[in-house]
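Examination of the molecular architecture
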Amino acid sequence: MERKLRVTVWNEFRHEKNSRTVGGIYPLGIHGAIKQYLDGFPELEVTLAALDDPDQGLPASVLDSTDVLIWWGHMAHGEVSDDLVYRIQRRVYMGKMGFIALHSAHHSKPFRALVGTSGNLTWGREQKEIMWNLLPSHPIARGIPQSFYIESEELYAEPFFVPQPDELIFGSWYEDGYIFRAGMTFLRDQGRIFYFQPGHESCRSFYDPNVLKVIYNAVLWTAPSEGRYEYRDLCPHVISDADYDRCVAEGRELGNKIRPVKTVIGYGAAAVAETDR
Ligand code: ZN
């Protein structure tokens, strides 16, 4: 059997403990509600992590065995350690882990570090939201109708200061007349990132079947793809075959030294003659 996809759902997990209302809506925590849904898919192995866990929930043993990291944070973004943020960013950039930022994670350190902007936006009262499916052919929109209602969500509005997304999949309209780019992808180095708007702590969006389906689809889409080439976090330096062989013979550290591509792919004299014809 193929290896399961290892998903870690990270939650700040403070509102649920500090507010009876939020605790009542999400007795298992926001991360627990997401896990409860994802546990229905046998190909996934879902782990919970929270800010107040040892090593902020993501010691190397957990982070280094996570294929997709889902992130929800709000009131304690500043407490997340910069070292952890760096390790998350490198793992995503290296194509070893996908990243899904939910709702107020637009201001989280890992999301900002990954996309490179402030993530600032306009926000307001809870109200009815219509989520429009703008890119139905995208795998993340699979099984999602043309539009769906969310009875009550926090208003998030443009301008949303993120880089131009690689793909804009969902757009929101709110009762107060505002619009928002609610579901977007970003490709960074070899990594895949998805941002999705719903999920205010005092709303019930993480029980909404469409919202949950989008999160599941995003897990599959952001997961590292099989068969990608080995990518190292450096800029390789091409040296001659003779120098390369000398390094190997002398047992010297190869570091970022690589052979000319014509050697690697067997682009020899015969191929040159063929191309020149
Ligand atoms: Zn919120």
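Residues numbered from 1 in each chain as written. Predicted model: local features only at pLDDT ≥ 70, side-chain atom pairs only at ≥ 80, totals over all residues.

1. Thoughts on the pairing of strand β5 (residues 122-133)
Pairing analysis gives 9 bridges linking β5 to strand β6 (residues 147-157), with the strands arranged antiparallel. Each bridged residue has a counterpart across the sheet, and for Trp 132 the counterpart in β6 is Ser 147. When β5 meets strand β7 (residues 167-174), the two strands line up antiparallel, connected through 5 bridges. Bridge assignment links Ile 130 to a residue of β7, and that residue is Trp 173. (Pairing = 2+ DSSP bridges. Helix = DSSP H or I, 4+ residues; strand = E, 2+ residues; numbered from the N terminus.)

2. Regarding the pairing of β7
Sheet analysis places β7 next to strand β8 (residues 179-188), joined by 6 bridges and oriented antiparallel. The residue of β8 that forms the bridge with Phe 170 is Gly 183. Following β7, the chain reverses through 4 residues before pairing antiparallel with β8; Gly 177 in that reversal takes a positive phi of roughly 100 degrees.

3. A short note on the sheet that holds strand β9 (residues 191-196)
Strand order in the open sheet made by the 9 strands is β2-β1-β3-β4-β9-β8-β7-β5-β6, with mixed pairing throughout. Each of the sheet's edge strands pairs with one partner strand only, and the pair in question is β2 (44-50) and β6. This sheet shows a mean twist of 25 degrees between the axes of neighbouring strands, independent of strand direction. (Axes fitted to C-alpha atoms, helices over the stretch in contact; angles between N-to-C directions.)

4. Looking at the domain arrangement of the protein
As assigned here, the protein comprises domain 1 (5-222) and domain 2 (237-276). Here the C-alpha centroids of domain 1 and domain 2 sit 44 Å apart. (Domains from an automatic or database assignment.)

5. Side note on unusual backbone geometry
Between Glu 158 and the following residue, Pro 159, the backbone shows a cis peptide bond with an omega angle of 0 degrees. The topology assignment puts Pro 159 in the loop between β6 and β7. Residue Gln 56 is not a glycine yet carries a positive backbone phi of 55 degrees. Residue position: Gln 56 is located in the loop between β2 and α4 (60-63). The residue Asp 189 is not glycine, and still its phi comes out positive at about 50 degrees.

6. Concerning helix α5 (residues 82-93)
With 12 residues, α5 extends 16 Å from end C-alpha to end C-alpha; this agrees with the ideal 16 Å at 1.5 Å per step. Listing the buried residues of α5 in full gives Ile 88, Gln 89 and Val 92. Within α5, the buried residues cover an arc of 100 degrees as seen down the axis, which keeps them to one side. Looking at the buried positions of α5, the neighbouring elements they touch are β3 (68-72), β4 (98-102), α6 (109-115), β8 and β9. Just beyond α5, the residue with positive phi is Gly 95, at close to 75 degrees. (Expected span 1.5 Å × (residues − 1). Buried ≥ 20, exposed ≤ 12 C-beta atoms within 10 Å, placed from the backbone. Arc of directions from axis to C-beta. Contact = placed C-beta atoms within 7 Å.)

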